[in-house]
Amino acid sequence: MDEIRATAAVIAARCLPQANQIARQIVADQHAALRDLPSDMRDVEIAATARHGIRLFLALAQGHQLTGADMQLFRDRTAQRVDEGVQLRDLMTAYYIGYRVIWETLCAATRPGEEEALRYLATLQLNTLEILTATITEAYLAEQSALMSERRETLRTVAHALISGRHDQATRYDVELTPPYHVIAIRISTEKLPTDQPTRAVATGQAIMARRTMRSVQREFDTIAGHPVLTLLDGQGGHALLPAQPGVERPLARLATRLETSLGAPVRLGLAHAPTLADVQPAAAQTARVAAITEQNDNPSGVYGIRDVLLDYHLSTPGDSADELTALLAPLDEQLLETLNRYLACDFDRRRTAADLGVHANTIDNRLTRVRDLTGIDLRTAQGILLCGAALTVRRLAR
């Protein structure tokens, strides 16, 4: 075996003076296969990398032991290629071309009787190719992941600025902003983890669920738009700014159902339109309230606009009148409040109300009379019905 290695080293030594010629051949073959490479990349960087790779392999064939420093240039070049948008398959193709040219050079330099040494060099090539492939792939994926994380954080920063009303700051980043937008608030009714788990396990599980939820939501919006969408998300929902392009309405209408299926929890989406960047902040505030109201009312998963919850939206507006409305119901106990809620839900049908509550219809009459005596609200009048409905709505939303 030592004799075979010695002969392989001799073959490598014969090839070493041809290193520059081999590099030029590699560059020419790569250019033929990958014609869209810029000339400066091809003639300078790729040529230098090829020369490094050639000399490294020939040194290995002469007994050099591979080190991490030997592979650093390949890692650095890979990071550059990711930043330049070169696909991984094209990058690997370039290296495979280099290995083929080196192999042809080794074959040409081998003399009769040195075939065993050539087979040894073939094995060495395969071993180094495996190491090189792993090194480049790992470096490529790591750099790509870092760039994607950086880009996602930039998009999140821009979304936060727009939703916070700082649209002038949002334009400072290298992000194309294309209003009008569908401004969407997402509310996800996630289930809590079992409380009998250790505190650390619960926190870890919730963090994992939050990340999975954000990825699922982000993926759905990106699929609809065909590109990464501006979002500001956490484990319970958040906001998304979906460009109001033709054709997004239908998939948007099905979005809540798809999210409920993938997340296993009800999902309500508040929807508003923002014609300009300055309109994003008020639209975001509106959609957040719409989504919160639908969750409080236990509406099914779906997409809701302000008109779908207009009365509740109006009544939930902060103000001193809300306090006065809820104060009207303060004298009532839980039984009378439940009776009122069922009576309104049954469209003022006392028999249906009685059946739902499992009591006699006369009991309903007695309770409604008791409500009138305690609050002054007479449900036999239009004014009383409106006042009672408003008070119950404000009370429910406040809770």
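Coordinates for the structure precede this section.
The structure presented is a predicted model; accordingly, all values stated were derived computationally and were not measured. Position labels on residues start from 1 in each chain and follow its written sequence. In keeping with the model being predicted, local features are shown solely for residues with a pLDDT of at least 70 and side-chain atom pairs are shown and tallied solely at 80 or more, while totals for entire chains, interfaces and linings include all residues. Side-chain numbers here rest on the full set of heavy atoms in the structure, without hydrogens or water.

By way of backbone hydrogen bonds, the strands of a sheet pair with one another, either parallel or antiparallel. DSSP-based pairing: two strands are paired if at least 2 bridges between them are found. The way it works is that DSSP assigns letters per residue, a run of H or I at least four long becomes a helix, a run of E at least two long becomes a strand, and they are numbered from the N terminus. Read from one edge to the other, the open sheet built from 5 strands follows the order β2-β3-β1-β4-β5, with strand pairing classed as mixed. Edge positions in the open sheet fall to β2 (230-234) and β5 (302-304), since each of these has one partner strand only. Strand after strand, the sheet turns through a mean of 20 degrees between neighbouring axes, direction not considered. Relative to β5, strand β4 (residues 267-274) is paired through 3 bridges, and the arrangement is parallel. Each residue of the ladder has a partner; that of Gly270, found in β5, is Tyr304. The contact definition used throughout considers only heavy atoms, calling two residues in contact when any of these lie within 4.5 Å. Where helices are involved, their axes are fitted lines through C-alpha atoms of the stretch in contact, as for all axes, and angles between N-to-C directions lie from 0 to 180°. Packed on one face of the sheet, helix α6 (residues 115-163) meets β2 and β3 (237-243) and runs near 90 degrees to β2.

Ile26, Ile54, Leu58, Ile102, Leu106, Leu121 and Leu132 are the most contacted members of the largest nonpolar core, which totals 37 residues. Secondary-structure elements contributing two or more residues to this core are α1 (2-15), α2 (19-33), α3 (39-61), α4 (68-83), α5 (88-109) and α6. Apart from the residues within four sequence positions on either side, Leu58 is in contact with Ala12, Cys15, Leu16 and Leu106. In this description, a nonpolar core means a group of buried Ala, Val, Leu, Ile, Met, Phe, Trp, Tyr and Cys residues linked to one another through side-chain atoms lying within 4.5 Å. Relative accessibility thresholds used throughout: buried, under 20% of the residue-type maximum; exposed, over 50%; partly exposed, between the two (1.4 Å probe, protein chains only). Ranked by size, the runner-up nonpolar core spans 21 residues in total, among them Leu315, Ala322, Leu337 and Leu379.

Here the focus is the packing of helix α13 (residues 334-345) against helix α16 (residues 382-398). Axis separation between α13 and α16 bottoms out at 11 Å; the angle between their running directions is 115 degrees. Here α13 lies roughly perpendicular to α16, going by the angle between them. Note on packing geometry: the crossing formed by α13 with α16 is left-handed. Where α13 abuts α16, its residues Glu334, Leu337, Leu340, Asn341 and Leu344 lie against Cys388, Gly389, Leu392 and Arg395. Of the residues assigned to the contact of α13 with α16, the class counts are 5 nonpolar, 2 polar and 2 charged. For classification purposes, angles smaller than 35 degrees are called roughly parallel, those larger than 145 roughly antiparallel, those between 65 and 115 roughly perpendicular, and all remaining angles oblique. Crossings are classed by handedness, with left-handed meaning an anticlockwise turn of the near helix from the far one by less than a right angle and right-handed meaning a clockwise turn. Side-chain classes follow a simple rule in which Ala, Val, Leu, Ile, Met, Phe, Trp, Tyr, Cys and Pro form the nonpolar group, Asp, Glu, Lys and Arg form the charged group, and the remainder, Gly included, forms the polar group.

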